[in-house]
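Structure at a glance
The residues making up each chain are set out below.
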Amino acid sequence: DAAASGLVDADAFVDHSPGWGTGDLDSVLGVQRTLRAAMPDLRYELDTTCMVCEGNQAAGHSVVRGTHTGEALYGVEPSGNEIVWTHSDFVRVSGGKIVERWTATDMLTLFQQAGVLPSQGG
């Protein structure tokens, strides 16, 4: 939370994340707390070869990994399995801080690997 507050203008910030259903910084941080509680080793591996920056906007793509060893995730008890999905962020910066964010997250893969939804053919 402290690191985010150094990067984000919480008063101006608007989040556009249909997969997560977040709209402000508090809700974004809440999702991250949920994910980290379920997957204590959660990490975002930013693909630095797949980044674009122009003016006050930047986009990046990550592979997200975490082992479900912590709390239940969306009602599913820990499996001990690694969950891997992709996530892209597009941000707008003003006054040196992030004021707006759009995301595209592979929620289907996340939910299938976590056991929230059945896997393809399963």
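1. Digging into the nonpolar core
- Trp-20, Leu-35, Met-39, Leu-73, Ile-83, Trp-85 and Leu-110 are the most contacted members of the largest nonpolar core, which totals 14 residues.
- Sorting the residues of this core by element identifies helix H2 (25-38), strand E4 (82-94) and helix H3 (107-114) as the ones contributing at least two each.
- Among the elements that make up this core, the one with the highest residue count is H3 (4 residues).
- Residue contacts for Ile-83: discarding those within four places in its chain leaves Met-39, Val-64, Arg-65, Gly-66, His-68, Leu-73, Leu-110, Gln-113 and Ala-114.
- Grouped together as the second largest cluster of nonpolar side chains are 6 residues, Val-8, Phe-13, Leu-25 and Val-28 included.

2. As for the layout of surface pockets
- Here the largest pocket is characterised by a volume of approximately 750 Å³.
- As for the largest pocket, its lining consists of 28 residues, and the residues nearest its centre are Leu-7, Val-28, Asp-89, Ile-98 and Arg-101.
- Elements that contribute at least two residues to the lining of the largest pocket include exactly helix H1 (2-7), H2, strand E2 (43-54), strand E3 (57-67), E4 and strand E5 (97-105).

3. Quick look at the sheet that holds E4
- Here we have 5 strands laid out as an open sheet, ordered E1-E5-E4-E3-E2, and mixed in their pairing. Strand pairing shows two members of the sheet lacking a second neighbour, strand E1 (14-16) and E2, which therefore form its edges. Mean inter-strand twist for the sheet, computed between neighbouring axes without regard to direction, equals 20°.
- Inspection of the sheet shows E4 paired to E5 by 8 bridges, in the antiparallel sense. From the neighbouring strand, His-87 faces E5, where its bridge partner is Thr-105.

The rules behind these values
- Residues numbered from 1 in each chain as written.
- Predicted model: local features only at pLDDT ≥ 70, side-chain atom pairs only at ≥ 80, totals over all residues.
- Heavy atoms only, no water.
- Core = buried A, V, L, I, M, F, W, Y, C linked by side-chain atoms within 4.5 Å.
- Buried < 20%, exposed > 50% of the residue type's maximum accessible area, 1.4 Å probe, protein only.
- Helix = DSSP H or I, 4+ residues; strand = E, 2+ residues; numbered from the N terminus.
- Contact = heavy atoms within 4.5 Å.
- 1 Å grid on protein atoms, 1.4 Å probe; cavity = no way out; pocket = protein on both sides within 12 Å on 5 of 7 lines; lining within 4 Å.
- Points joined across faces, edges and corners; volume = space filled by probe spheres on them.
- Pairing = 2+ DSSP bridges.
- Axes fitted to C-alpha atoms, helices over the stretch in contact; angles between N-to-C directions.

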